[in-house]
Amino acid sequence: MFDKSTWIKLPRNVVVGHGVIEELGQAVAELHLHGDPLVVTSPTPNELAGDRLRAQLDDPTTVTIESASFDSIERVVEVARDVDAGYLIALGGGKPIDIAKMAADEIDRGFVSVPTAASHDGIVSGRSSIPEGDSRHSIAADPPLAVVADTEVIARAPWELTTAGCADIISNYTAVQDWRLAHRLKNVEYSEYAAALSEMTAEMLVDNAASIRPNLEESAWIVVKALVSSGVAMSIAGSSRPASGAEHLFSHQLDRIAPNKALHGHQVGVGSILTEYLHSGDGGRWRAIRQALDSIDAPTTADELGVSDDEVLEALTTAHEIRDRYTILGNGVDLDAAVETATVTGVIDRE
Ligand SMILES: [Zn+2]
């Protein structure tokens, strides 16, 4: 008997463009949501766009968070229960969106994503992870009900946030290879459609790398569109597999070993150079990945990430321990292989 079933959850309204923050009210009204919104933001985005956003809603409560932590999630959950929020609106870069996503999941409400920076693909997906002591807590929640991404606002975000978003997308190349490998070796569920979409997104970004420049609204547009289709790929797959492989494990491990040194996207970009080499050796596309990262000013070395060579090697040799996700790291990369990989690719500089 054929009894397979699948659920694909996607955002209903995705509004991208110049000045579209003014269309938030409409984008939300069309969802016919019940109850009042609760705005979740952090200080800078709140200053930047909080008033413009609130002016379109019926005097919503705002909760401002300072850090991506469990305390912040608890605080948002508490306020949401106090005001009996019908849904959450996340305004900000990665932090408020991750927090709102997890809080919304806990109280079983939807959320709307209003990114002010294009720093990672979490702005459109249901995936999020928050540091918890020495490890990370990841959830697979529903994607946002709507995404309102104003390219005028996003273009004004610090440039390194945009290059981090680009690097996060470029890393889809290796994420998809890890996914295929896991499918072949471990029978992990795989979607050809989601994999193709994810790879195509990375390709589009690499092809457009030359036109991704600071203070250009068109760049913000290219990156946001790529983040949206990357998020859609994850929704179709029902997992983060299309956009998260060994390069993400490497980055998460680096977060533990050398916390707060570099942005998520920048770490996964360097991770992608390394894991592409592990996948395909010198004949692979690691040079193309490095070249693309380099051309958008994203880091390609340990030095540029602000971490030491030893920290990179430790992350690479221990990243497989993080979670039950089969990748090219297998049961672990030994130190000699890690040194060779990182040296050949120029990530570390050893004589
Ligand atoms: Zn990522």
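Summarised in this report is the structure supplied together with it. (Residues numbered from 1 in each chain as written. Predicted model: local features only at pLDDT ≥ 70, side-chain atom pairs only at ≥ 80, totals over all residues. Heavy atoms only, no water.)

## A few points about the overall build of the chain
Step number 1: Along the backbone of the chain there are 15 helices and 8 strands.
Step number 2: Since a compact globule built from 351 residues should have a radius of gyration of about 20 Å, the 20 Å found for the chain is in line with a globular shape.
Step number 3: Once the C-alpha set of the chain is aligned to its principal axes, its extents read approximately 60 × 55 × 35 Å.
Step number 4: The 351 residues of the chain split such that 57% are buried.
Step number 5: A fraction of 73% describes how many contacts in the chain between residues 6 or more apart in sequence connect residues 24 or more apart.
Step number 6: Summed over all atoms, the accessible surface of the chain reaches about 15,200 Å², with 46% contributed by carbon and sulfur.
Step number 7: Measuring between centres, the 27 positive side-chain charges of the chain sit 4 Å from its 54 negative side-chain charges. (Helix = DSSP H or I, 4+ residues; strand = E, 2+ residues; numbered from the N terminus. Rg over C-alpha atoms; globule rule 2.2 N^0.38 Å. Buried < 20%, exposed > 50% of the residue type's maximum accessible area, 1.4 Å probe, protein only. Contact = heavy atoms within 4.5 Å. Areas by Shrake-Rupley, 256 points an atom, 1.4 Å probe, with all protein chains shown as cover. Lys, Arg positive; Asp, Glu negative; His and termini not counted. Charge placed at Lys NZ, Arg CZ, Asp CG, Glu CD.)

## A few points about a negative patch on the surface
Step number 1: A cluster of acidic side chains, namely Asp-71, Glu-74, Glu-78, Asp-82, Asp-105, Glu-106 and Asp-108, defines a negative patch on the protein surface.
Step number 2: Elements with a minimum of two residues in the negative patch: α3 (70-82) and α4 (94-107).
Step number 3: Sort the elements by how many residues they give to the negative patch and α3 lands first, with 4 residues.
Step number 4: Topologically, Glu-78 is positioned in helix α3.
Step number 5: Residue Glu-78 is classed as exposed on the basis of its relative accessible area of 53%. (Patch = residues over 30% accessible without salt bridge, like charges linked within 9 Å, V, L, I, M, F, W, Y side chains within 5 Å. Salt bridge = Lys/Arg side-chain N within 4 Å of Asp/Glu carboxyl O.)

## What to know about helix α7 (residues 172-186)
Step number 1: The end-to-end C-alpha distance of α7 is 20 Å, a good match for the 21 Å that 15 residues give at a rise of 1.5 Å each.
Step number 2: Asn-187 lies just past α7 and shows a positive phi near 60 degrees. (Expected span 1.5 Å × (residues − 1).)

## Here we look at the side chain of Ser-69
Step number 1: Tracing the chain through its elements places Ser-69 in the loop between β3 (61-64) and α3.
Step number 2: Residue classification places Ser-69 among the buried positions, given a relative accessible area of 19%.
Step number 3: Leave out the neighbours within four places in its chain, and Ser-69 touches Ile-99 and Ile-130.

## Concerning the nonpolar core
Step number 1: Counting residues in each nonpolar core, the largest one holds 75 residues, and the members touching the most others are Val-76 and Leu-88.
Step number 2: Those residues in contact with Val-76 that lie beyond four places of it in its chain are Leu-38, Val-40, Val-63, Ile-65, Leu-88, Ile-99 and Ala-103.
Step number 3: Counting residues in hydrophobic clusters, the runner-up holds 18 residues, among them Leu-24, Ala-27, Ala-49 and Ile-89. (Core = buried A, V, L, I, M, F, W, Y, C linked by side-chain atoms within 4.5 Å.)

## Section: the pattern of salt bridges
Step number 1: Scanning all chains against the criterion turns up 7 salt bridges.
Step number 2: Measuring nitrogen to oxygen at the nearest pair gives 2.9 Å for the salt bridge that ties Arg-52 to Glu-22. On the criterion of sequence distance, the pair formed by Arg-52 in helix α2 (residues 43-54) and Glu-22 in the loop between β1 (13-17) and α1 (24-29) is long-range, its members being 30 residues apart.
Step number 3: A salt bridge links Lys-101 to Asp-98, with the shortest nitrogen-to-oxygen separation between them at 3.7 Å. Here Asp-98 and Lys-101 lie together in helix α4, a separation of 3 residues that amounts to about one turn.
Step number 4: Of the residues examined, Asp-98 reaches a relative accessible area of 12% and is grouped as buried.

## Let's talk about the side chain of Thr-162
Step number 1: Positionally, Thr-162 belongs in helix α6 (residues 159-170).
Step number 2: When residues no more than four places from it in sequence are discounted, the contact partners of Thr-162 are Ala-118 and Val-223.

## Examining the coordination of the zinc ion
Step number 1: Taken together, Asp-168 (OD), Asp-168 (OD), His-248 (NE2) and His-264 (NE2) make up the full set of protein donors to the zinc ion, lying 2.1 to 2.6 Å away.
Step number 2: Binding-site remark: the zinc ion is held by donors from one chain whose sequence spacing is D-x79-H-x15-H. Remark: His-264 occurs in helix α11 (residues 264-280) and His-248 occurs in helix α10 (residues 246-257); sequence separation between them is 16 residues.
Step number 3: Using a relative accessible area of 6% as the deciding quantity, one classes His-248 as buried. (Donors = N, O, S within 2.8 Å, 3.2 Å for Na, K, Ca; no water.)

## Some words on the packing of helix α8 (residues 192-207) against helix α9 (residues 217-237)
Step number 1: Two elements in contact, α8 and α9, have axes whose closest approach is 8 Å; the angle formed by their N-to-C orientations is 165 degrees. Judged by the inter-axis angle, α8 sits roughly antiparallel to α9. The handedness of the crossing between α8 and α9 is left-handed. Counted together, Tyr-193, Ala-194, Leu-197, Ser-198, Thr-201 and Leu-205 of α8 and Ile-222, Val-223, Ala-226, Ser-229, Ser-230, Val-232, Ala-233, Ile-236 and Ala-237 of α9 form the full contact between these two elements. (Axes fitted to C-alpha atoms, helices over the stretch in contact; angles between N-to-C directions. Parallel < 35°, antiparallel > 145°, perpendicular 65-115°, else oblique. Left-handed = near helix turned anticlockwise from the far one by under 90°.)

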